[in-house]
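# A look at the structure
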Amino acid sequence: MKPLERISDYLWEIPTSYKPGMRVPARIYATEQLIQEMDEAVADQISNVATLPGITRSALCMPDGHFGYGFPIGGVAAMDIAEGGVISPGGIGFDINCGMRLVVTNLTEKEVKPQIKKIIDKLYERVPAGVGSKGFVKVSRNEFRQVVQEGAKWCINQGYGWDEDLELTEENGCIAGAYASKISDKAIDRGCNQIGTLGSGNHYLEIQVARPENIVNKELAEAFGITIPNQVVVMFHCGSRGFGHQVATDYLQVFLKVMESKYGIHILDRELACAPFNSPEGQDYFAAMKCGLNMSFANRQVILHRIREVFSDVFGRSAEALGMHQVYDVSHNTAKLEEHIVDGKARSLLVHRKGSTRAFGPGMEGIPDRYKPYGQPVILGGSMETGSYLLAGVSTGAQSFFSTAHGSGRTMSRTKARKQWNGEQLQKDMQKQGIYIRTTSWRGLAEEAGGAYKDVDAVVKATELAGLSKRVVRLVPIGNVKG
DNA sequence: ATGTTC
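Let me sum up the structure you'll find in this document. Everything numeric here is computed off the predicted structure, so don't read it as measured data. (Residues numbered from 1 in each chain as written. Chains lettered and ligands numbered in written order. Predicted model: local features only at pLDDT ≥ 70, side-chain atom pairs only at ≥ 80, totals over all residues. Heavy atoms only, no water.)

### Comments concerning the overall build of chain A
The line we're drawing: We count a stretch as a helix when DSSP gives it H or I for four or more residues in a row; a strand needs E for two or more, and each element gets its number in order from the N terminus. Under the scheme applied here, a residue whose accessible area is under 20% of the maximum for its type counts as buried, over 50% as exposed, and between as partly exposed, the area being computed with a 1.4 Å probe on protein chains only. Two residues qualify as a contact provided that any one of their heavy atoms is within 4.5 Å of a heavy atom in the partner residue.
Across its full length, chain A carries 15 helices and 19 strands. Along the first, second and third principal axes, the C-alpha atoms of chain A reach 60 × 50 × 45 Å. For chain A, the residues scored as buried account for 63% of the 483 residues in total. Put simply, 77% of the contacts in chain A that link residues at least 6 apart link residues at least 24 apart.

Printed below as a string of structure tokens:
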């Protein structure tokens, strides 16, 4: 039996009495149905998070939560840096700044559908996918150090994208305080040929349609650029590739060495390795992790450039003429220093979001001026078969440090999914459902079957009921490049 | 997620 107390129809609490060392309660946002489906391990993992130094108010898990490395995926933990708050790679994820970007077109489903095979085949060719894939952007190691300090801004300067893309990216695509001097040569080696690559696992690039019946909030949809019935959009999901992975690996080792001996921090699970934010090791990782953020922003920027090239090629018009404006780019795996009001006082908190999206409400600093009246766009990627959502941040999101879900969330392990589905058969089945898909790996495709994920509509509904974010439009896939 | 077991 799970140690959960029901707070409301969409919120559950694990009291501090559940486990020795819990500093605050743990809370899971989910409907009863979603709680039933949730991994037993989530309650255990999120209550471990509640023992970490500096954790403020409560350790949170979003409705798409599932088992992860140390922290559950879907975890949110805000650490008070003035109270010995820690930074933990396990609370950010190995794939630093794994995230989503959404771009609109002025094309309709009717215009795109006849070309879908051509578009996807070209995208498959032009956006390298799969484990170990290399990008077309050739940079020296020193140039790559510049990339990880400048992020998407570096790409724009090189001609990969439009100036406006930056203002429509979280942190304007370049987070300050990223120092390449804090990065190992090994991480530089792994990352320097990976700019503009999709990766593998749950990373994908999808052509989607905004059908009129799926517009939930017309005003917000229009504000975010969804203005035409059956408008075609492109959504993609990828991260910092081997670079971010190496950064996380390097600093996990550092933290494991100093955590107990130097800082006297005792943890229940070594996967929660951490160091005080205000310590040399914590600050070094923070600066290195920001390089991971920037690598990922650069990666998505170059991929956007290639998507524009492909559409331009297929339709014989410029990307400008095709109206290929970016809606937004959001991170799913970060820790950010933010000011939040706790017990009536403004506090500096390091907000870890792992498989969770920042969802700032209307009027807040840090969201593009054009979206200020509406709230921050949130791009939530569902499974490749079912659909995804564009959401918006709301003022009641203060309860979760303005964080919401990031996707559907798995219901079963990759191993289990592989046993249940066959990649080649799944491709055929998806074709019958009107989704043309290309993949580098049949095995990888089987792992990502829609049936291995929770009901995205239920997850999104739960975030809306709880007041974490609200629905704008549901997007359905017609083509997919699966990493 | 990941040069999918330094």
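### Regarding the pattern of salt bridges
We count it as follows: Each salt bridge in this description consists of a side-chain nitrogen of Lys or Arg and a carboxyl oxygen of Asp or Glu lying within 4 Å of one another.
Tallied over the full model, the rule gives 32 salt bridges. A salt bridge links Glu447 to Arg414; its shortest N-O distance comes to 3.0 Å. Of this pair, Glu447 sits in helix 14 (residues 442-447) while Arg414 sits in helix 12 (residues 414-420); the two residues are 33 residues apart in sequence, bridging distant segments of the chain. By relative accessible area, which is 8% here, Glu447 ends up buried. For Arg414, a relative accessible area of 28% gives the class partly exposed. A salt bridge links Arg471 to Glu464, with the nearest nitrogen and oxygen atoms 3.1 Å apart. Given a relative accessible area of 27%, Glu464 falls into the partly exposed group. When salt bridges with common partners are traced through the structure, they connect Arg410, Arg414, Arg418, Arg443, Glu447 and Glu448 into a single cluster.

### Some details on the sheet that holds strand 2 (residues 11-14)
For the record, the criterion: Only strands that DSSP links by at least two bridges are regarded as paired with each other. Orientation is described by axes fitted as lines to C-alpha atoms, over the contacting stretch for helices, and by angles from 0 to 180 degrees between their N-to-C directions.
Spatially, seven strands are ordered 1-2-3-4-5-13-12 in an open sheet, and the strand pairing comes out mixed. The open sheet has two edge strands, strand 1 (5-8) and strand 12 (333-342), and neither has a second partner. Neighbour to neighbour, the strand axes of the sheet diverge by 25° on average, direction disregarded. Judged from the three bridges that link them, strand 1 and strand 2 form a sheet pairing that is antiparallel. Directly across from Ser8, in strand 2, lies its bridge partner Leu11. Those strands touched by helix 11 (residues 280-315) are strand 12 and strand 13 (345-354), and its axis lies near 115° from that of strand 12.

### A closer look at the side chain of Arg353
Selection rule: Contacts described as polar in this section are N or O atom pairs within 3.5 Å, which, within protein, must combine one atom able to donate a hydrogen with one able to accept it, while residues neighboring in sequence count only if both atoms come from side chains.
With respect to the helices, strands and loops of the structure, Arg353 is situated in strand 13. Here Glu338 takes part through its side chain, which lies 2.9 Å from a polar atom of the side chain of Arg353. Side-chain polar atoms of Arg353 contact the side chain of Ser403, separated by 2.8 Å.

### Describing the nonpolar core
We apply this condition: Only buried residues count toward a nonpolar core, which is a set of Ala, Val, Leu, Ile, Met, Phe, Trp, Tyr and Cys residues joined through side-chain atoms within 4.5 Å.
Ile28, Val49, Leu52, Phe144, Phe243 and Val247 are the most contacted members of the largest nonpolar core, which has 94 residues in total. The greatest single-element share of this core, amounting to 10 residues, is contributed by helix 11. Every residue in contact with Val247, bar those within four places of it in the chain, is listed here: Ile96, Ile183, Ala187, Tyr285, Ala288 and Met289. Within the second largest apolar cluster, 32 residues are counted, among which are Leu107, Val112, Val232 and Tyr436.

### Some remarks on the layout of surface pockets
As a reminder, the rule being used: Cavities and pockets are defined on a 1 Å grid built over the protein atoms alone: a cavity is a set of grid points where a 1.4 Å probe fits but cannot escape, while a pocket is an open set with protein on both sides within 12 Å along at least five of seven lines, and lining residues are those with an atom within 4 Å of any such point. Grid points are joined across faces, edges and corners, and a volume is the space filled by probe spheres set on the points. Each residue receives one of three labels: charged for Asp, Glu, Lys and Arg, nonpolar for Ala, Val, Leu, Ile, Met, Phe, Trp, Tyr, Cys and Pro, and polar for the others, Gly being one of them.
In this model, the largest pocket occupies a volume close to 1,100 Å³. If one sorts the elements of the lining of the largest pocket by residue count, helix 10 (residues 241-258) sits on top with three residues. There is about 220 Å³ of room inside the second largest pocket. Taken together, Glu167, Thr169, Glu171, Asn172, Tyr328, Arg358, Phe360, Glu365, Gly366, Ile367, Pro368 and Asp369 form the lining of the second largest pocket. Taken together, the residues that form the lining of the second largest pocket break down as four nonpolar, three polar and five charged.

### Quick word on helix 5 (residues 141-150)
Our working rule: By definition, the arc is the one covered by directions from the helix axis to the C-beta atoms.
All of the buried residues along helix 5 are Phe144, Val147 and Val148. All buried residues of helix 5 project into a common sector of 90° when viewed along the axis, lining one side. The inward-facing, buried residues of helix 5 abut helix 6 (152-157), helix 8 (185-191), helix 10 and helix 11. At the C-terminal side of helix 5, Gly151 shows a positive phi close to 60°.

### Points about the pairing of strand 2
Looking along a regular strand, one sees side chains alternate from face to face of the sheet. Burial of strand 2 is two-sided: the residues Leu11 and Glu13 facing one way and the residues Trp12 and Ile14 facing the other way are all buried. The sheet contact formed by strand 2 and strand 3 (residues 26-29) spans four bridges and is antiparallel. Directly across from Ile14, in strand 3, lies its bridge partner Ala26.

### A look at the protein's contact with DNA strand B
The line we're drawing: The criterion for a residue being near a molecule or strand is simple. One of its heavy atoms has to lie within 4 Å of it.
Around DNA strand B lies a shell of 15 residues, among which Val131, Arg190, Ser200, Gly201 and Asn202 are the nearest. When the atoms of DNA strand B within 4 Å of the protein are grouped by moiety, sugar and phosphate amount to 53% of the total. Ser200 places a polar side-chain atom, nitrogen or oxygen, 2.7 Å from a phosphate oxygen of DNA strand B. One of the side-chain N or O atoms of Arg241 is found 2.9 Å from a phosphate oxygen in DNA strand B. Elements supplying a minimum of two residues to the surface near DNA strand B: helix 8 and helix 10. Ranked by the residues each element gives to the surface near DNA strand B, the list is headed by helix 10, at three residues. Looking at the surface near DNA strand B, its residues break down into two nonpolar, eight polar and five charged.

By themselves, these observations are geometric and do not establish any function.
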